[in-house]
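Residue-level structural notes
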Amino acid sequence: MSLQENVTEEDLMLNILIDEGIELDAPAKSHCSQKRKAADLECEDNLKEKRSLERIHHVVKRIQEAILRKEPALCTAVVPVPTLHITLAVAHLPDIEYIGRAAEVVDKCGSIHREFFNKSASLHFSGLKTFSNEVLFAGIQESEVLEEVQMMANDLEISFQELTGLPTKKGFKPHLTILKLSKDFKLRRKGMSKISSTLYSDMSDTVFGCQIVRGIQLLSMNKPKDGNGYYYCSHQLAFDVPHSEADDHSECCRKPLSVKPNLEKVSQLQCIMKHEKDVIKRKFHSLSLASLSSVFGKANEPSCKTDDSDSLLKTLLVVSFATVAIIAAVQGMSSSK
């Protein structure tokens, strides 16, 4: 295989790992020293950031679950929560030498904007939007912080063009992808070329929360993901902001999506199943004891005609299997509530 077929695509992304933004209680009055007060404030800021991270993850997950309840076939289009990020630029890096030079570009561009982001600048995520109804994402509110991120993205794009001699993805459109059809091209064959607005219109004004910009990462699109399901990181530049991201993301990231059935549809199906079950019961009762005894009696007489008994036995077997199947289906749906 040629070198070009073995090229590595590195994706430069702004690190966004994010959930349950619960309002904190006002800090209790303290008679501690000024140093202790400063430490308490720093701990409170860390706790707020941690809860903000958790909130965005959980809100994204709830939206994905709500959509899948309406359209389960889109499960292959869901973006895994552990990989949430904002893409600043995409570059084609063919070998380790290029990856090393790309890391230098990250450090250089990051140092230009370091002073601004060292002030714990936050991005606010709210609202559901789409790109041509093919990509569903969380929008980012206009702010001074977003403008700075856009300038940093432009600097990176220009630098990568100079590094690779190839055009990069033009037009920075900040967003947090939740669902995209391009993850599974088979969806088009199934007639799903667009994401219907009916799947998310009732959640279009969702407020996700805010996230402190903590750094820039050079991530690989091809290399295996790490133990947490996140992209392989070739290099990163961290800003001087408090870091309180939780190591345990079992609730918001690693736990599988919980897609419960539509209770209204389940109720309707249960009514249908009950009706069919009653019909089968009546068929059983319609078979008289005389007919049943006749079937089993004739089964022991080799000289008798077996057409009638065979017919009745087949009917009994079919009805029995149908009853078992329906009862199992009803019990399964009841237990899935």
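- Per an unreviewed UniProt entry, the protein chain carries the name A-kinase anchor protein 7-like phosphoesterase domain-containing protein and comes from Cryptotermes secundus.

**A short note on the pattern of salt bridges**
- Following the criterion strictly, the structure yields four salt bridges and no others.
- With its nearest N and O atoms 3.3 Å apart, the salt bridge here joins Asp202 to Lys70. Of this pair, Asp202 sits in the loop between helix H4 (186–189) and strand E6 (207–212) while Lys70 sits in helix H1 (residues 34–70), and the two are 132 residues apart along the sequence.
- Lys70 sits in the partly exposed class, given a relative accessible area of 38%.
- Note that Glu134 is salt-bridged to Lys194, the shortest N-O span being 3.4 Å. On the criterion of sequence distance, the pair formed by Glu134 in the loop between strand E3 (122–131) and strand E4 (135–140) and Lys194 in the loop between H4 and E6 is long-range, its members being 60 residues apart.
- When its relative accessible area of 27% is taken as the criterion, Glu134 is described as partly exposed.
- Judged by its relative accessible area of 45%, Lys194 falls in the partly exposed class.
- Each member of the salt-bridge network shares a partner with another, and the members are Glu134, Arg188 and Lys194.

**Section: the packing of helix H2 (residues 96–117) against helix H3 (residues 144–164)**
- Running from N to C, H2 and H3 point in directions that differ by 155 degrees, and their axes come no closer than 10 Å. As the angle between them shows, H2 and H3 are arranged roughly antiparallel. For the pair H2 and H3, the crossing hand works out as right-handed. On the side of H2, the interface is formed by Tyr98, Arg101, Ala102, Val105, Val106, Cys109, His113, Phe116 and Phe117, while H3 contributes Glu144, Val145, Glu148, Val149, Met151, Met152, Asp155, Leu156, Ser159, Phe160, Leu163 and Thr164.
- Here the residues of the contact of H2 with H3 sort into 14 nonpolar, three polar and four charged.

**Things to note about the packing of aromatic side chains**
- Across all of its chains, the model carries four aromatic pairs by this definition.
- Judged by centre distance (5.8 Å) and plane angle (70 degrees), the rings of Tyr230 and Tyr231 are edge-to-face. This pair shows no difference in class: Tyr230 is buried, exactly as Tyr231 is.
- The side chain of Arg101 reaches across the aromatic face of Tyr98, ending 5.2 Å from its centre.

**Let's talk about H3**
- The end-to-end C-alpha distance of H3 is 30 Å, a good match for the 30 Å that 21 residues give at a rise of 1.5 Å each.
- All of the buried residues along H3 are Val145, Leu146, Glu148, Val149, Met152, Ala153, Leu156, Glu157, Ser159, Phe160, Leu163 and Thr164.
- Positive phi shows up at Gly165, right after H3, with a value of about 75 degrees.

**Here we look at the sheet that holds strand E5 (residues 176–180)**
- Pairing is antiparallel in the open sheet, where four strands are placed in the order E5-E4-E3-E6. Every other strand in the sheet has two partners, leaving E5 and E6 as the edge strands with one partner each. Going from strand to strand, the sheet's axes swing by 30 degrees on average, the running direction of each strand aside.
- The pairing of E4 with E5 spans four bridges and is antiparallel. Paired with Ala138 across the bridge in E5 is Leu176.

**Brief notes about the environment of Lys186**
- You can see Lys186 is positioned in helix H4.
- By relative accessible area, which is 52% here, Lys186 ends up exposed.
- Residues Lys186 and Thr76, spaced 110 residues apart in sequence, show a C-alpha to C-alpha distance of 9.4 Å.

**Quick look at the nonpolar core**
- In terms of nonpolar packing, the biggest core is built from 56 residues, with Ile67, Leu74, Phe117, Leu123, Phe160 and Phe208 touching the most fellow members.
- Contributing elements (two or more residues each) for this core: H1, strand E2 (85–93), H2, E3, E4, H3, E5 and strand E7 (215–220).
- Among the elements that line this core, the one with the most residues is H3, at eight residues.
- Among all residues touching Ile67, those that are not within four sequence positions of it are Leu74, Leu136, Leu179, Leu199, Tyr200 and Met203.

Rules and cut-offs
For every chain, the first residue of its written sequence is number 1, and the numbers climb from 1 along that sequence. Whole-chain, interface and lining totals are the exception, using all residues; otherwise, since this is a predicted model, local features are given only for residues with pLDDT of at least 70 and side-chain atom pairs are given and counted only at 80 or more. Values shown for side chains rest on all heavy atoms present in the structure; no hydrogens or waters enter the calculation. Between Lys or Arg on one side and Asp or Glu on the other, a salt bridge is scored when a side-chain nitrogen of the former is within 4 Å of a carboxyl oxygen of the latter. Under the scheme used here, helices are H or I runs from DSSP no shorter than 4 residues and strands are E runs no shorter than 2 residues, and both carry numbers assigned from the N terminus. When accessible area is computed with a 1.4 Å probe and restricted to protein chains, residues below 20% of their type maximum are described as buried, those above 50% as exposed, and intermediate ones as partly exposed. Axis geometry follows a simple rule: fit a line to the C-alpha atoms, using only the stretch in contact for helices, then measure angles between N-to-C directions, giving values from 0 to 180 degrees. Angle categories are assigned with fixed cut-offs, so that under 35 degrees is roughly parallel, over 145 is roughly antiparallel, 65 to 115 is roughly perpendicular, and the rest are oblique. Handedness of each helix crossing follows the sense of rotation of the near helix against the far helix: counterclockwise by less than a right angle gives left-handed, clockwise gives right-handed. Whether two residues touch is decided by their heavy atoms; if any such pair falls within 4.5 Å, the residues are in contact. Note that Gly is not counted as nonpolar here; it falls among the polar residues with everything else outside the nonpolar set of Ala, Val, Leu, Ile, Met, Phe, Trp, Tyr, Cys and Pro and the charged set of Asp, Glu, Lys and Arg. Aromatic pairing here means that ring centres of Phe, Tyr or Trp (its six-membered ring) are within 6.5 Å. Orientation follows from the plane angle: under 30 degrees is stacked, over 60 is edge-to-face, and everything else is tilted. Both a distance and an angle decide whether a charge sits over a ring: NZ of Lys or CZ of Arg must be within 6 Å of the ring centre and within 35 degrees of the ring normal. Helix span, expected: 1.5 Å multiplied by one less than the number of residues in the helix. Paired strands, as defined in this entry, are two strands with at least two bridges between them according to DSSP. Residues enter a nonpolar core if they are buried and are Ala, Val, Leu, Ile, Met, Phe, Trp, Tyr or Cys, with the set joined through side-chain atoms within 4.5 Å.

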